[in-house]
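Here is how the chains run, residue by residue.
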Amino acid sequence: MASAAIDDALAHVRSLIEDVEGALKPEERAPKAAKPSGSKQNGKPSSQAGESDDESALLFAKAKLVVARVAKADDHPEADRLLCLQLDVGAEATVPVVAGLKGHVEPAAFIGQHVVAITNLKPCKLAGRVSEAMILAASCERQGMPGNRCVRVLQAPAGAKPGARVRCRGKDAQNKVEAPKTLSSKIWAAIVSRLVVQESTALYDGCVLETEEGVIKVQGVDDNSEIH
């Protein structure tokens, strides 16, 4: 595989798996939004100083997070760390995804799982394959695992259908706006900075992520693990 293609792939994967970031050159790294001025207390990110709960909810609503079913999963033929996936995102639509999950999930066992994906990021081409969405996963340090990281994909509750929106419990303002067609990487970074795991549950700004069928879970990672 050409060196340029590897660098391009790693630059995208870093947003999903933290250990990839160290392999990138500074000039290849996507710009990061500044962390909110609020701090994480007991693993739960607090809102920015002076920010209302509605403002926090409206920020979250800009990300189109949906339940997705893994319809197809294969090793990327030209990249050691990547998988090529097809996700069923509802309304009889499937989208291609290139994910840095190789070594963390078995492709055959991954098929049929219901995960959480963001579907309004700008599409990109990674190692020659188009990626139109991103699967959310949590990670923490774990010796003996690939890259000494434990990576676990967010799991949708039983009964949740592909395309179902993932909401933030108690933040009613999120229902007042529609997610933009394309979300900027800066806004997405600001949202990601507030995502965390507590007691195997995915949280945004200290509030539980859920669908109408139940809570979004993340098994096998430590409390305070960040979600990307």
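Rules used throughout
- Residues numbered from 1 in each chain as written.
- Predicted model: local features only at pLDDT ≥ 70, side-chain atom pairs only at ≥ 80, totals over all residues.
- Heavy atoms only, no water.
- Pairing = 2+ DSSP bridges.
- Helix = DSSP H or I, 4+ residues; strand = E, 2+ residues; numbered from the N terminus.
- Contact = heavy atoms within 4.5 Å.
- Buried < 20%, exposed > 50% of the residue type's maximum accessible area, 1.4 Å probe, protein only.

Turning our attention to the sheet that holds strand E3 (residues 65–75). If you walk across this open sheet you meet the five strands as E5-E4-E3-E6-E9, and the pairing is antiparallel. Single-partner strands in this sheet number two, and they are strand E5 (94–99) and strand E9 (134–135). As paired strands, strand E6 (residues 114–118) and E9 are joined by two bridges and run antiparallel to one another. Of the residues in E9, the one forming a bridge with Ile 118 is Met 134.

On to the environment of Thr 94. Of note, Thr 94 is situated in strand E5. C-alpha separation for the pair Thr 94 and Glu 132, spaced 38 residues apart in sequence, amounts to 9.8 Å. When neighbours within four sequence positions are excluded, Thr 94 is seen to be in contact with Gln 86, Leu 87 and Asp 88.

The subject of this paragraph is unusual backbone geometry. Positive phi outside glycine occurs at Ala 127, with the angle close to 50°. Looking at the element boundaries, Ala 127 is found in the loop between strand E7 (124–126) and strand E8 (129–131). With a phi angle near 75°, Asn 224 is a residue other than glycine that sits in the positive phi range. Look at Asn 224 and you get partly exposed, because its relative accessible area is 41%.

Attention now moves to the pairing of strand E10 (residues 137–141). Regular strands show a simple pattern: their side chains alternate between the two faces of the sheet. Among the five residues of E10, four are classified as buried, and the element is accordingly described as predominantly covered. Relative to strand E11 (residues 149–153), E10 runs antiparallel, the two being bridged by five bridges. Following the sheet pairing, Ala 138 is matched in E11 by Arg 152. Of the pairings in the sheet, the one linking E10 to strand E17 (residues 226–227) comprises two bridges and is antiparallel in character. Along E17, the bridge assignment pairs Ala 138 with Ile 227.

Don't take any of this as a statement about function, it's just geometry.
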